[in-house]
Amino acid sequence: MSIQGPKTAALFDRAFASLVNGVSSGWRYWGRDETIVLTRGKGGHVWDADGKRYIDFHMGFGPIILGHGDEHVTQAVAKAVANGTTFAFTQEQEVTAAETVKRAVPWVEKLRFTNTGTEATMHAVRLARGFTGRDTVVKFEGTYHGAHDYVMYSTPGQDVATLGSPYRPVPVAMSSGMPNVIGGLVRTLSFNDFTAVERLFADEGKRIAALMVEPMLGNAMGIEPEPGFLERLRSLCDEHGAVLIFDEVKTGFRIAVGGAAETYGVTPDISTFAKAMGNGLPVAAVAGRGEVLQGWARGGIVQAGTYSGNSVSAAAAQATIERLLTGEPMAQVERVGNALMEGAAKILAARGVSSSVHGRPAMFGFFFGEEPPSDYRGSTQHDSELYEKLVMGMIRRGVLPSPDAHEPWFLAAAHSDEDVATTLQIFEEALDEALN
Ligand SMILES: Cc1ncc(COP(=O)(O)O)c(C=O)c1O
């Protein structure tokens, strides 16, 4: 049964005629009759072309932390647009936004803005290579760091059978068109596998430019680092002269105002921020220790971008972060997120569904299975058929998480107690339907 009403279906026909598969980003295509087409969003809700309202937990794959159409951000953006948007010179708004980022993430000494998470991680990798004079980059299975070729290996969705032995994993390219030679510069590991990381550094430490990690697996159910794991990554990078990069595109300005570094108490050399930083406007940053970031100032390492630091994105970042710094939005996200995590866990337990909930109230995922996973391989033991049935039942009833359990549920400060109560009721109904 299609999830598109008649007007939505007609709009998607038009989309299909002009946009490849009717979308501007591959993962948005869920099938000819199953792709959602939205016309507006407000607070914690979005509406499709038929006027059907959804309680949104997709939240644009994570950027919306305050709520759709947040007044503070909207006003700041409108003011910036009226004053001209892109000058390709340093702009006052950009300077203030950079100062605001540093207030929110106090360990950051220097930064540069980019426009997307992909651009931020791409520049972070090049900066680390230029800084160390080395080529090898280490990443973890089940993390996604953007759509460039540098690290798009062993990403979520990859069949575990192709990933090689956990003892010596094989980096698997996510896409055709990625030159084979790049794979030779990438090493993949299982998250939370202390021994494997130590072995790799012992064998190849002198060649490792950077270790890039999503400190919490934001593309694999919100799996968290085991105690001491991020600390061990930090100490190994220090011992071997490698750059530690936290990809905080999903966790930054979301799991805490100061992101994962604040949450877990470990400071990387570089963090990449995007998504929640601008509440839905395209703004990102490469930020971190002055000594490393100044690599761009010393010459020889290129970073550039026509739209980077444009006043509209900078205004969105500043307004979003100023709101977050009041503490109110995070307290609300924490409250509603906790209620949802706990309520759903109770419903699952009452029906005898073996499951675990991972992550933090602002961003969490469900694993349906016996053994709570600590890495991507474990997460694939999940009952995806049951989860997808549950989520499609919820979507039909007007609640919108992703049917792929690897993609977490995202909460915003605009989600209300009523949204949580309705969601739990629908969760229960849809689960009963899926189990029968
Ligand atoms: C952890 C992480 N890094 C980088 C990216 C890429 O960001 P963007 O889609 O803005 O290019 C994503 C996107 O989901 C992500 O989750």
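Residues numbered from 1 in each chain as written. Predicted model: local features only at pLDDT ≥ 70, side-chain atom pairs only at ≥ 80, totals over all residues. Heavy atoms only, no water.

## Concerning the nonpolar core
Then, number 1: Counting 106 residues, the largest nonpolar core has Leu211, Phe253, Met277 and Phe427 as the members making the most contacts within it.
Then, number 2: The two domains that each donate at least three residues to this core are domain 1 (6-69 + 327-435) and domain 2 (71-325).
Then, number 3: In this view, Phe253 contacts Ile65, Val101, Ala104, Val105, Gly259, Phe273, Ala276, Met277, Ile321, Leu324 and Met330; residues no more than four positions away in its chain are not counted.
Then, number 4: Ala120, Val125, Leu127 and Trp296 belong to the second-largest nonpolar core, a separate cluster that totals 21 residues. (Core = buried A, V, L, I, M, F, W, Y, C linked by side-chain atoms within 4.5 Å. Buried < 20%, exposed > 50% of the residue type's maximum accessible area, 1.4 Å probe, protein only. Domains from an automatic or database assignment. Contact = heavy atoms within 4.5 Å.)

## Thoughts on the packing of helix α2 (residues 71-82) against helix α11 (residues 311-325)
Then, number 1: Following both chains from N to C, one finds α2 and α11 inclined at 155°, their axes separated by 8 Å at the closest point. If you check the angle between α2 and α11, you find them roughly antiparallel. The chirality of how α2 crosses α11 is right-handed. Here His72, Val73, Ala76, Val77, Ala80 and Val81 of α2 come into contact with α11, specifically with Ser311, Val312, Ala315, Ala316, Ala319, Thr320 and Arg323.
Then, number 2: Looking at side-chain class alone, the contact of α2 with α11 contains nine nonpolar, three polar and one charged residues. (Axes fitted to C-alpha atoms, helices over the stretch in contact; angles between N-to-C directions. Helix = DSSP H or I, 4+ residues; strand = E, 2+ residues; numbered from the N terminus. Parallel < 35°, antiparallel > 145°, perpendicular 65-115°, else oblique. Left-handed = near helix turned anticlockwise from the far one by under 90°. Nonpolar A, V, L, I, M, F, W, Y, C, P; charged D, E, K, R; others polar.)

## With respect to the sheet that holds strand β13 (residues 399-400)
Then, number 1: An order of β1-β2-β3-β13 is seen for the four strands of this open sheet, with the pairing classed as mixed. Two strands in the sheet have a free side with no partner beyond their single neighbour: β1 (38-42) and β13. (Pairing = 2+ DSSP bridges.)

## As for the site of the ligand
Then, number 1: Within the structure, the ligand sits among Thr116, Gly117, Thr118, Tyr144, His145, Gly146, Glu214, Asn219, Asp247, Val249, Lys250 and Lys275.
Then, number 2: The contact in question runs from an oxygen atom of the ligand to an N or O atom on the side chain of Asn219, over 3.0 Å.
Then, number 3: Within the side chain of Lys275, an N or O atom sits 2.8 Å from an oxygen atom of the ligand.
Then, number 4: Its free accessible area being 380 Å², the ligand has 83% of it covered by the protein chains. (Near = heavy atom within 4 Å. Polar contact = N/O pair within 3.5 Å; in protein donor to acceptor, adjacent residues only side chain to side chain. Areas by Shrake-Rupley, 256 points an atom, 1.4 Å probe, with all protein chains shown as cover.)

## Examining the domain arrangement of the chain
When the parts come together, some accessible area is lost, and that loss is often what is quoted as the size of the interface.
Then, number 1: Parsing the chain into structural domains produces domain 1 (6-69 + 327-435) and domain 2 (71-325).
Then, number 2: Summarising the inter-unit geometry, the C-alpha centres of domain 1 and domain 2 are found 25 Å apart.
Then, number 3: Across the contact, 36 residues belong to domain 1 and 47 residues belong to domain 2.
Then, number 4: Taking both sides of the interface into account, the surface hidden between domain 1 and domain 2 amounts to around 3200 Å²; carbon and sulfur atoms contribute 59%.
Then, number 5: Per-residue buried area on domain 1 facing domain 2 is highest for Met363, Tyr376 and Arg377; these three make up 25% of the total on that side.
Then, number 6: For the salt bridge of Arg377 with Glu141, the shortest nitrogen-to-oxygen distance reads 2.7 Å.
Then, number 7: Summed over the shared surface of domain 1 and domain 2, the result is 24 residue pairs in polar contact (both at pLDDT 80 or more).
Then, number 8: Where the side of domain 1 that touches domain 2 is concerned, the elements lending two or more residues are α12 (328-350), β11 (355-360), β12 (363-368) and α13 (376-379).
Then, number 9: Broken down by element, the residue count for the side of domain 1 that touches domain 2 peaks at five residues, all from β12. (Buried area = accessible area lost by both parts, 1.4 Å probe. Salt bridge = Lys/Arg side-chain N within 4 Å of Asp/Glu carboxyl O.)

## Some details on the packing of helix α14 (residues 384-396) against helix α15 (residues 417-435)
Then, number 1: Between α14 and α15, the least distance of the axes is 8 Å, while the angle of their chain directions is 130°. Taken as axis vectors, α14 and α15 run oblique relative to one another. Judged by the sense of rotation from one axis to the other, the crossing of α14 with α15 is right-handed. For the pair α14 and α15, contact is made by Leu386, Lys389, Leu390, Gly393, Met394 and Arg396 and by Thr423, Ile426, Phe427, Ala430, Leu431, Glu433, Ala434 and Leu435, respectively.
Then, number 2: Each residue belonging to the contact of α14 with α15 can be placed in one class, and the counts come to nine nonpolar, two polar and three charged.

## Points about the side chain of Ser308
Then, number 1: With respect to the helices, strands and loops of the structure, Ser308 is situated in the loop between α10 (295-298) and α11.
Then, number 2: Assessed through its relative accessible area of 18%, Ser308 is described here as buried.
Then, number 3: For Ser308, the side chain forms a polar contact with the main-chain oxygen of Phe113, separated by 3.5 Å.
Then, number 4: Apart from the residues lying within four places of it in its own chain, the contact partners of Ser308 are Phe113, Thr114, Asn115, Glu119 and Gln303.

## Notes on the sheet that holds strand β6 (residues 186-189)
Within a sheet, each strand pairs with its neighbour through backbone hydrogen bonds, oriented either parallel or antiparallel.
Then, number 1: The mixed open sheet is built from seven strands, whose spatial order is β4-β10-β9-β8-β7-β5-β6. Two strands bound the open sheet, and with one partner strand each, they are β4 (110-114) and β6. Looking at each pair of strands side by side, their axes are set apart by 20° on average, direction ignored.
Then, number 2: Summarising the sheet, strand β8 (residues 243-248) and strand β9 (residues 270-273) pair through four bridges and their orientation is parallel. Residue pairing across strands places Glu248 opposite Phe273, the latter belonging to β9.
Then, number 3: Lying on the sheet, helix α7 (residues 229-240) is in contact with β5 (136-140), β7 (208-213) and β8; it crosses β8 at an angle near 145°.

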